Amino acid sequence: QKEVEQNSGPLSVPEGAIASLNCTYSDRVSQSFFWYRQYSGKSPELIMSIYSNGDKEDGRFTAQLNKASQYVSLLIRDSQPSDSATYLCAVNRDDKIIFGKGTRLHILP
Amino acid sequence: DVKVTQSSRYLVKRTGEKVFLECVQDMDHENMFWYRQDPGLGLRLIYFSYDVKMKEKGDIPEGYSVSREKKERFSLILESASTNQTSMYLCASKTENTGELFFGEGSRLTVL
């Protein structure tokens, strides 16, 4: 099993709808979880971090963590064309930050 | 403002050449990382460093070495470049309190 798994997509979502991105991880001792956004030709940038079970909201973004199920998700409300990018899930394991392969999100105007 | 600077945006090297990729951060971070990013494979950790002169192997260290002589600088070395090391190389440094990574702009290496 891969350490951090994501569906590669592409995930196509109409503008204004909710985009739901999912990630599972294999190492139960992981404590910190991150979502990065990467536009084509650019470097990743952090959009959300989450450390405890439950939901964390920041503007249009909500991160959800379920440690029992080893599952992290990112919801993007009111999706905009500018949200079209690759979204990378990352996990902190023993100070190493390990990434999933990313999910390509395409917002349809 | 946070800054991670990679010395070269684009490099073309020949098989067997020694390659140095340099990364400098101005945030006084202790932890620095080197990743490579390939289509379909995502970001893979090559090496990371948690202090000056300290390093740990990541998931794909074969064919690479690193150097961290000063806190702000973390170098990736390809002793003898091979065509399968053609890739985008990303350097990052990490804040201790939040764990957030700040990335450089990347170095695209082509090995002929």
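Quick caveat: nothing in here was measured; it's all calculated off a predicted structure.

Enquirer: What is the right way to read the pattern of salt bridges from this model?
Expert: If charged atoms from side chains of opposite charge come close, those side chains can pair. All names here are of chain B. All chains considered together, the criterion is met by 13 salt bridges over all chains. Measuring nitrogen to oxygen at the nearest pair gives 2.9 Å for the salt bridge that ties arginine 44 to aspartate 38. Arginine 44 sits in the partly exposed class, given a relative accessible area of 24%. Here glutamate 69 ties to lysine 53 by a salt bridge, and the two come within 2.5 Å at their closest N and O atoms. Within this pair, whereas glutamate 69 is found in strand 7 (residues 65–70), its partner lysine 53 is found in the loop between strand 5 (42–51) and strand 6 (54–57), the two being separated by 16 residues in sequence. Note on glutamate 69: relative accessible area 52%, which makes it exposed.

Enquirer: How should I be thinking about the layout of surface pockets in this particular structure?
Expert: Over the atoms rolls a probe the size of a water molecule, and in doing so it shows where empty space is left. In this structure, the largest pocket occupies an estimated 510 Å³ of space. Surrounding the largest pocket, 23 residues form its lining, A:Gln38, A:Thr86, B:Gln37, B:Asp38 and B:Pro39 being those nearest its centre. If you list the elements that add at least two residues to the lining of the largest pocket, you get strand 9 (85–93) and strand 11 (103–108) of chain A together with strand 4 (31–38) and strand 9 (87–94) of chain B. Counted by class, the lining of the largest pocket contains six nonpolar, 11 polar and six charged residues. If you add up the space inside the second largest pocket, you get close to 290 Å³. If you trace the second largest pocket, you find 17 residues lining it, with A:Lys2, A:Phe99, A:Lys101, B:Leu41 and B:Arg44 closest to the centre. Where the lining of the second largest pocket is concerned, the elements lending two or more residues are strand 1 (4–5) and strand 10 (96–99) of chain A together with strand 5 of chain B. Partitioning the lining of the second largest pocket into residue classes produces nine nonpolar, two polar and six charged.

Enquirer: Got a minute to help me understand unusual backbone geometry in this structure?
Expert: What is expected of a backbone is that most residues other than glycine have negative phi and most peptide bonds are trans. Residues and elements named next belong to chain A. Each neighbour pair has its own omega, and for glycine 9 with proline 10 the value is 10°, a cis peptide bond. Within the secondary structure, proline 10 is located in the loop between strand 1 and strand 2 (11–14). Despite not being glycine, glutamine 70 shows a phi value in the positive range, around 55°. By the element assignment, glutamine 70 lies in the loop between strand 7 (61–66) and strand 8 (71–76).

Enquirer: Just to check I follow, could you spell out the packing of aromatic side chains for this structure?
Expert: Note on aromatic pairs: each is described by the distance of the centres and the angle between the planes. Scanning all chains against the criterion turns up 12 aromatic pairs over all chains. Between the aromatic rings of B:Phe48 and B:Tyr50, the centroid separation amounts to 6.4 Å while the plane-to-plane angle is 50°, which identifies the pairing as tilted. Judged by relative accessible area, B:Phe48 falls into the buried class, the value being 1%. An aromatic cluster of at least three residues, connected via ring pairs, comprises A:Phe34, A:Tyr36, A:Tyr51, A:Phe99, B:Phe33, B:Tyr35, B:Phe48, B:Tyr50 and B:Phe103. A cation sits over an aromatic face here: A:Arg60 above A:Phe61, 5.5 Å from the ring centre.

Enquirer: How should I be thinking about the sheet that holds strand 7 of chain A in this particular structure?
Expert: In a beta sheet, neighbouring strands are held together by backbone hydrogen bonds and run either parallel or antiparallel to one another. Residues and elements named next belong to chain A. Judged by pairing direction, the sheet is antiparallel, and its five strands sit side by side in the order 1-3-8-7-6 without closing on themselves. Of all strands in the sheet, those with a lone pairing partner are strand 1 and strand 6 (54–58), marking the two edges. Where strand 7 meets strand 8, six bridges bridge the pair, whose relative direction is antiparallel. Note on strand 8: the bridge partner recorded for leucine 65 is valine 72.

About the criteria used
- Residues numbered from 1 in each chain as written.
- Chains lettered and ligands numbered in written order.
- Predicted model: local features only at pLDDT ≥ 70, side-chain atom pairs only at ≥ 80, totals over all residues.
- Heavy atoms only, no water.
- Salt bridge = Lys/Arg side-chain N within 4 Å of Asp/Glu carboxyl O.
- Buried < 20%, exposed > 50% of the residue type's maximum accessible area, 1.4 Å probe, protein only.
- Helix = DSSP H or I, 4+ residues; strand = E, 2+ residues; numbered from the N terminus.
- 1 Å grid on protein atoms, 1.4 Å probe; cavity = no way out; pocket = protein on both sides within 12 Å on 5 of 7 lines; lining within 4 Å.
- Points joined across faces, edges and corners; volume = space filled by probe spheres on them.
- Nonpolar A, V, L, I, M, F, W, Y, C, P; charged D, E, K, R; others polar.
- Phe/Tyr/Trp six-rings, centres within 6.5 Å; stacked < 30°, edge-to-face > 60°.
- Lys NZ or Arg CZ within 6 Å of the ring centre and 35° of its normal.
- Pairing = 2+ DSSP bridges.

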